[in-house]
Amino acid sequence: MGRQELIGAGVVVSADGLVMTSIGLFDLRIPDDQMKDFKIVIPRHDTENEELDAVFVGRDERTNLAFVKAKAPAPAMPASDPLAPATPTAPAPTSATSSKGRQPTPRRWTPLTFAPTPFAIGQPLVSIGLLPKSEGYGAYAVQGHVAATLRGEIPHVAVDSGLAAMGSPVFNPAGQAVGLVNIQQGHNAFLNASNVIERLQTQPHFFVPASDFIWSLSDLPTAGEPMKLPWMGVVQLTGLNKDVAEAYGLGDRPVIEVGDVIANAPAAKAGLKAGDKIVTLDGAPLPRGDTPEDLPGIMRRLILRKKVGAEVVLGVVRAPNAAPVRIAFKLDEQPMRPSLAERFFAEDLGFTARRMVFSDTYLRRLPADAKGVVVSFVKPQGAAQTAALAMNDVILSINREPVENLGQFKASYQRVRKTSPKDPVVLVVLRDNQTQTLRIETPQEK
């Protein structure tokens, strides 16, 4: 698609240059290994903004955060080194040079420390944001008061008069950082926008308290290594309303009904069944949400915060007024996620195909060993888009040759394009549980 500059706000959270920001800046359709070419911009009011080379550390889907880190400065050449340039060059802006001129001094970063504090209705707060690039990333403050605390899947604190934009830290009257403005529907995550008035007039009203994410700062992703997330193999959970819970003799207790259990997953092996009513997690009642619909999300978040291999104990009820049944199992690692799947870019026709993963087969009700590859990107105005190829299509065959997996598709595609570069490419795809045949006309040289 070409090159596009995306800019967002972040917060320094460690003395070695680790910056925390919202996962909303990083499209989950883009795999981790394609997250490249980052810079940390330090706004300056008295001189040019400073830009430091950085690396993408990773996404933490448990807390909807992402992390970028400044690269360590390269050691300087000793003055006596025969390969050193005759005229010394100025030190890079990422470091200072020691008195001997040999080793760079690491930059000193001042991290912001978040405090997990309680909130009271009417408590004053201040959020600090950055204006867009067109305004020099100038800082601004928004004052408000706590209007409500919400107990949904992700706990939020509502502020009456609004907050600064996504990525902004929130402070209490004591100057403690007590939360972060994270992704919210209808609010722009990026600082590229030039309409400052619109940004200031359409402010977010919710932030995530530090107590919900501070623990992830001591359990960070590792650059180049996808984070291992736990999985119990239970989907389609439903929070029961009070009337249904009372019919099972559970009063107004929070209850979750199991809709589907994946075969051979940890929960299935332990005996959990569709229709079971979960009433306890690890011996404790389920946390309450503001509505029954919040309960499945709350439970998923609690499971995500456990380690792969950790034991989970569920208390489930299977009949009205029956005693809970104890079901214990150890968490497996989640099946490969789409953002981590290997992919191949068919550059000349303008589309990307990736490996089929568990969520692809499950959502389409396909066998677990279904063959094919999934279209993950279609280039605008490319040949594939002209032929109506769409994202999430499953490619079943290419020029009548069945597609087994990504490696075989790549080899078949390259052979077809090499032996018949001017001929159309015919794909059979699965879309909305129906197969379609698409004929892609190849670009011709003028």
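These numbers were taken from a predicted model, which means no experiment stands behind them. Think of each chain on its own: its residues are numbered from 1, step by step along the sequence as written. Only residues with pLDDT of at least 70 are given local features in this predicted model, and only at 80 or more are side-chain atom pairs given and counted; all residues enter the totals for whole chains, interfaces and linings. The basis for every side-chain value is the complete set of heavy atoms in the structure, and neither hydrogens nor water enter the calculation.

### Some points on the overall build of the protein
Right, on to step 1. Secondary structure elements are defined from DSSP: runs of H or I of at least 4 residues count as helices, runs of E of at least 2 residues count as strands, and each element is numbered from the N terminus. Along the backbone of the protein there are eight helices and 30 strands.
Right, on to step 2. In what follows, residue pairs with any heavy atoms lying within 4.5 Å of each other are defined as contacts. By sequence separation, contacts in the protein at least 24 residues apart represent 60% of the contacts at least 6 residues apart.
Right, on to step 3. Only the protein chains shown count as cover for residues, and the accessible areas themselves come from Shrake-Rupley with a 1.4 Å probe. Of the roughly 23900 Å² that the protein leaves accessible, carbon and sulfur atoms contribute 52%.

### Observations regarding the pairing of strand E5 (residues 65–70)
Right, on to step 1. Partly exposed describes any residue whose relative accessible area lies between the buried limit of under 20% and the exposed limit of over 50%, with all areas from a 1.4 Å probe on protein chains only and scaled to the type maximum. Summarising burial for E5: five of the six residues are buried, a large majority.
Right, on to step 2. Two strands form a pair only when DSSP identifies at least two bridges running between them. Here strand E2 (residues 18–22) pairs with E5 via five bridges, running antiparallel. Bridged to Met-20 within E5 is Phe-67.
Right, on to step 3. In this sheet, E5 lies alongside strand E4 (residues 50–60) in antiparallel orientation, the contact comprising six bridges.

### Details of the sheet that holds strand E9 (residues 139–150)
Right, on to step 1. Read around the closed barrel, six strands run E8-E9-E10-E13-E12-E11, paired in antiparallel fashion. Strand after strand, the sheet turns through a mean of 45° between neighbouring axes, direction not considered.
Right, on to step 2. The pairing of strand E12 (residues 177–180) with strand E13 (residues 206–209) spans two bridges and is antiparallel. Along E13, the bridge assignment pairs Leu-180 with Val-208. Here, axes are lines fitted to C-alpha atoms. For helices the fit covers the stretch in contact, and angles between N-to-C directions go from 0 to 180 degrees.

### Comments concerning the packing of aromatic side chains
Right, on to step 1. Stacked, tilted and edge-to-face pairs are distinguished by plane angle, under 30 degrees for stacked and over 60 for edge-to-face with tilted covering the rest, among Phe, Tyr and Trp rings (Trp via its six-membered ring) whose centres lie within 6.5 Å. Here the structure, examined in full by the defined rule, presents 13 aromatic pairs.
Right, on to step 2. Judged by centre distance (6.0 Å) and plane angle (40°), the ring pair of Phe-26 and Phe-38 falls under tilted. Taken together, the positions of Phe-26 in the loop between E2 and strand E3 (38–42) and Phe-38 in strand E3 put the pair twelve residues apart, joining distant regions of the chain.
Right, on to step 3. Phe-38 gets classed as buried once you look at its relative accessible area, which sits at 16%.
Right, on to step 4. Connected via pairs of aromatic rings, a cluster forms that spans Phe-344, Phe-351, Phe-409 and Tyr-413.
Right, on to step 5. Either the NZ atom of lysine or the CZ atom of arginine qualifies as a charge over a ring when it sits within 6 Å of the ring centre and within 35 degrees of the ring normal. Positioned above the aromatic ring of Trp-109, the side-chain terminus of Arg-107 is 5.6 Å from the ring centre.

### Considering the nonpolar core
Right, on to step 1. What is meant by a nonpolar core is a set of buried Ala, Val, Leu, Ile, Met, Phe, Trp, Tyr and Cys residues, joined one to another through side-chain atoms within 4.5 Å. Core analysis: the largest hydrophobic core is formed by 24 residues, its most contacted members being Phe-351, Leu-389, Ile-395, Phe-409, Tyr-413 and Leu-427.
Right, on to step 2. Secondary-structure elements contributing two or more residues to this core are strand E24 (343–346), strand E25 (351–355), strand E26 (373–378), helix H7 (383–386), strand E27 (394–398), helix H8 (406–419), strand E29 (425–431) and strand E30 (434–440).
Right, on to step 3. Considering each element in turn, this core owes the most residues, four residues, to H8.
Right, on to step 4. Non-local contacts of Phe-351, meaning those with residues more than four positions away in its chain, are made with Phe-344, Phe-345, Ala-346, Phe-377, Val-378, Ala-384, Leu-389, Ile-395, Phe-409, Tyr-413 and Leu-427.
Right, on to step 5. In terms of nonpolar packing, the next biggest core, distinct from the first, is built from 20 residues, Val-258, Leu-295, Leu-314 and Ile-327 among them.

### Looking at the confidence of the model for the protein
Right, on to step 1. As a per-residue measure, pLDDT reflects the predictor's confidence and takes values from 0 up to 100. Looking at the protein, the pLDDT average stands at 87 and 89% of residues meet or exceed 70.
Right, on to step 2. Low pLDDT, under 50, characterises residues 76–100; the predicted model gives this stretch 25 contacts beyond four residues in sequence or across chains.

### Side note on the pairing of E27
Right, on to step 1. In terms of residue burial, E27 counts as a mostly covered element, since four of its five residues are buried.
Right, on to step 2. Where E27 lies against E29, four bridges are found, and the strand directions are antiparallel. Bridged to Val-394 within E29 is Leu-430.
Right, on to step 3. Sheet topology note: the E27/strand E28 (residues 401–402) ladder contains two bridges and is antiparallel. Looking at E28, one finds that Ile-398 is bridged to Glu-401.
Right, on to step 4. Counting the residues in the hairpin turn of E27 and E28 gives two residues, including Asn-399, whose phi is positive at 50°.

### A short note on helix H5 (residues 295–304)
Right, on to step 1. Among the ten residues in H5, eight count as buried, and that is most of the element.
Right, on to step 2. Residues of H5 that are buried: Leu-295, Pro-296, Gly-297, Ile-298, Met-299, Arg-301, Ile-303 and Leu-304.
Right, on to step 3. Elements in contact with the buried residues of H5: helix H2 (210–213), strand E14 (230–231), strand E16 (238–239), strand E17 (256–257), strand E19 (277–281) and strand E21 (311–317).

### Section: the environment of Asn-182
Right, on to step 1. Its place among the elements puts Asn-182 in the loop between E12 and helix H1 (196–201).
Right, on to step 2. Between the C-alpha atoms of Asn-182 and Gly-167, which are 15 residues apart in sequence, the distance is 5.9 Å.
Right, on to step 3. Dropping the residues within four chain positions of it, Asn-182 is found in contact with Ser-22, Ile-23, Thr-63, Asn-64, Leu-65, Met-166 and Val-208.
Right, on to step 4. In this structure the side chain of Asn-182 is engaged in a polar contact, spanning 3.0 Å, whose partner is the backbone oxygen of Asn-64. For the purposes of these results, a polar contact is taken to be a pair of N or O atoms within 3.5 Å, where, inside protein, one atom must be able to donate a hydrogen and its partner to accept one; residues adjacent in sequence count only when each atom of the pair is a side-chain atom.

### Section: the sheet that holds E5
Right, on to step 1. Taking strand neighbours across the sheet as the criterion, the five strands line up as E1-E2-E5-E4-E3 in an open arrangement whose pairing is antiparallel. Each edge of the open sheet is held by one strand with a lone partner, namely strand E1 (11–12) and E3.

### Some points on the pattern of salt bridges
Right, on to step 1. We define a salt bridge as a side-chain nitrogen of Lys or Arg found within 4 Å of a carboxyl oxygen belonging to Asp or Glu. In this structure the tally under the stated criterion is 23 salt bridges.
Right, on to step 2. Between Asp-252 and Arg-288 there is a salt bridge whose closest N-O contact spans 3.7 Å. Taken together, the residues Asp-252 in the loop between helix H3 (242–247) and E17 and Arg-288 in the loop between strand E20 (284–285) and H5 connect sequence positions 36 residues apart.
Right, on to step 3. A relative accessible area of 47% places Asp-252 in the partly exposed class.
Right, on to step 4. Note that Lys-277 and Glu-257 form a salt bridge whose closest N and O atoms lie 3.4 Å from each other.

### Thoughts on H8
Right, on to step 1. Expected helix span is computed as 1.5 Å times (number of residues minus one). Taking 1.5 Å per residue, 14 residues should reach 20 Å; H8 reaches 20 Å between its end C-alpha atoms and fits that length.
Right, on to step 2. Buried residues of H8: Leu-406, Gln-408, Phe-409, Ser-412, Tyr-413, Val-416 and Arg-417, and no others. Viewed end-on, H8 has its buried residues packed into an arc of 155°, placing them on one side of the element. For H8, the exposed residues lying more than 90 degrees away from the buried face are Gly-407, Lys-418 and Thr-419.
Right, on to step 3. The backbone nitrogen of Gly-407 has a side-chain oxygen 3.3 Å away, supplied by the residue at the start of H8, namely Asn-405. The arc in question is the one traced by the directions running from the helix axis out to the C-beta atoms.

### Notes on the environment of Ile-303
Right, on to step 1. With respect to the helices and strands, the residue Ile-303 is situated in helix H5.
Right, on to step 2. Sequence separation between Ile-303 and Trp-231 is 72 residues; the distance between their C-alpha atoms is 7.6 Å.
Right, on to step 3. Excluding its chain neighbours within four sequence positions, the residues that come into contact with Ile-303 are Pro-230, Met-232, Leu-281, Val-312 and Leu-331.

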